[in-house]
Amino acid sequence: MQTLTVDLADRSYPIHVGQNVLTRTDLLLPHLKRKQVAVVTNTTVEPLYLEKFSAPLRDAGVTVLPIVLPDGEQYKNAETLNKIYDALLTHRCERNTTLIALGGGVIGDMTGYAAATFLRGVPFIQVPTTLLSQVDSSVGGKTGINHPLGKNMIGAFYQPQVVLADTETLNTLPDRELSAGLAEIIKYGLIRDLAFFEWLESNMPRLVAREPVALAYAIYRSCENKAEVVAADERESGERALLNLGHTFGHAIENGMGYGVWLHGEGVAAGTMLAAEMSCRLGWMSAADVERTERLFKAANLPTVAPDLGVDTYLDLMGLDKKVSDGRIRLILLQGIGKAIMTGDYPQDVLRATLARV
Ligand code: NAD
Ligand code: GLY
């Protein structure tokens, strides 16, 4: 097991990465204020890991309330969130009850938001079980739900007490979901870590083959990158926005295609290719680096061509992005591999021309 810390003064917390950390009550119990937890999961993860996770806790005298939600991005909404509140209130949960997210990013984001808002805030623990949630969504405290008009539009910054990323859980993950997680891993290389990008170029076949040592390194290195960015800019007033590379385009793809049709990581991959192509049009990124980026996404079995939604639909959907400022869509673009910037200062026709290609 390896441990790193997200350094946020009195809200700092550890991330434990390794095999079977799911059952390590010694890593979890010190963070409970009361021996009562609500474990939020979904119908897919429940049969795989709920009992494995809950049994050692019960053995340690902890009361465990399971809350099992329907599975899917299309359920990341106010209606499903309400089911969490319903269960917590029905079972008389208190301010010292800890909410634990056991699942992927959808469960993590919704549970975190429930924890931020239930009784104006209760303790929260992340037990991410997808590659994407282990390298990205469980770290950094962004929580929330989708609104019919836009993705992740309702939410709060709310940090967990601890993150337990059990690499063993990845063995049951479908290939497509593994690839979706690889998109966010590639993202760290592109925005700030050229050496990691080069490591990924050499090691992508090992990651796709789920080699445990390679996966553990990629998860740890990704969490290190994310922890550094979050520690420097928790509330996204600057550098943290760079973590959204490909996301403005990607969210438009997810929303435009209907939530759940394109996976988040797939939208990020195709969206990042649009960002790279636009950066190339602006003369900031070489065609060779765009091709390198495309090769790496392809090696991870990710889509590199965005769906044809039409330029105006893209612009409409992208206009709902949280980074819009004074009505201008701000984008994360690349100045080569390993260096990203956020800008709203680009010719509109370059954005339109980039979108017209899809
Ligand atoms: P997900 O939560 O939908 O999980 C993907 C699928 O895998 C689901 O069907 C899930 O039930 C299943 N699953 C989970 N663990 C499994 C396991 N071990 N074995 C088999 N199946 C398993 O999707 P995701 O990719 O984990 O997360 C995507 C979500 O995360 C999006 O809603 C996105 O907006 C959000 N996100 C948030 C942040 C953040 O900073 N908060 C960052 C990135 C993404
Ligand atoms: N996934 C982007 C962020 O956490 O800021």
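Before any of the text, the structure's been laid out above.
Residues numbered from 1 in each chain as written. Chains lettered and ligands numbered in written order. Predicted model: local features only at pLDDT ≥ 70, side-chain atom pairs only at ≥ 80, totals over all residues. Heavy atoms only, no water.

Help me understand the packing of helix α3 (residues 78-90) against helix α4 (residues 105-117) in this model?
For any two helices packed against each other, one specifies the inter-axial angle together with the distance between the axes. Running from amino to carboxyl end, α3 crosses α4 at an angle of 55 degrees, the nearest separation of the two axes being 10 Å. Considered as vectors, α3 and α4 are oriented oblique to each other. As α3 runs across α4, the sense of the crossing is right-handed. Together, Thr80, Leu81, Ile84 and Tyr85 of α3 and Met110, Thr111, Tyr113, Ala114 and Thr117 of α4 make up the contact between the two elements. Here the contact of α3 with α4 is composed, by residue class, of 6 nonpolar, 3 polar and no charged. (Axes fitted to C-alpha atoms, helices over the stretch in contact; angles between N-to-C directions. Helix = DSSP H or I, 4+ residues; strand = E, 2+ residues; numbered from the N terminus. Parallel < 35°, antiparallel > 145°, perpendicular 65-115°, else oblique. Left-handed = near helix turned anticlockwise from the far one by under 90°. Contact = heavy atoms within 4.5 Å. Nonpolar A, V, L, I, M, F, W, Y, C, P; charged D, E, K, R; others polar.)

How do you make sense of the pairing of strand β3 (residues 36-42) when you look at a structure like this?
It is a general feature of regular strands that their side chains alternate between the two faces of the sheet. Most of β3 sits out of view: 7 of its 7 residues are buried. Covered by surrounding structure in β3 are Gln36, Ala38, Val40 and Asn42 together with Val37, Val39 and Thr41, the residues of both alternating faces. In terms of strand pairing, β3 meets strand β4 (residues 63-69) through 7 bridges, oriented parallel. Across the sheet, residue Asn42 finds its bridge partner in β4, namely Leu69. Handedness of the β-α-β unit built from β3, helix α2 (residues 45-59) and β4 comes out right-handed. As judged from the 4 bridges shared by β3 and strand β5 (residues 98-103), these two strands associate in the parallel manner. When the sheet's bridge partners are listed, Val37 is paired in β5 with Thr98. (Buried < 20%, exposed > 50% of the residue type's maximum accessible area, 1.4 Å probe, protein only. Pairing = 2+ DSSP bridges. Right-handed = clockwise from strand over helix to strand, strands pointing away.)

I would appreciate a short explanation of unusual backbone geometry in the present structure.
In terms of backbone geometry, most residues other than glycine have negative phi values and most peptide bonds are trans. Within the chain, Arg210 stands out as a residue other than glycine whose phi angle is a positive 60 degrees. Positionally, Arg210 belongs in the loop between α7 (194-208) and α8 (212-232). When its relative accessible area of 16% is taken as the criterion, Arg210 is described as buried. At Asn301, a position not held by glycine, the phi torsion is positive, near 60 degrees. As for its position among the elements, Asn301 is in the loop between α11 (287-299) and α12 (311-318). What makes Asn301 exposed here is its relative accessible area of 53%.

Could you clarify how one ought to interpret empty space enclosed by the protein in this entry?
Space left empty within the atom packing is revealed by a probe, the size of a water molecule, rolled over the atoms. The tally for this structure, following the rule as stated, stands at 3 cavities of 30 Å³ or more. What the largest cavity holds in volume is close to 100 Å³. Along its surface, the largest cavity is lined by 13 residues, and Lys151, Met153, His251, Leu317 and Leu320 are the ones closest to its centre. Breaking the lining of the largest cavity down by element, the ones donating at least two residues are β8 (150-157), α9 (247-257) and α12. Here the lining of the largest cavity takes 4 residues from α9, the largest share from any one element. The class makeup of the residues in the lining of the largest cavity is 6 nonpolar, 4 polar and 3 charged. (1 Å grid on protein atoms, 1.4 Å probe; cavity = no way out; pocket = protein on both sides within 12 Å on 5 of 7 lines; lining within 4 Å. Points joined across faces, edges and corners; volume = space filled by probe spheres on them.)

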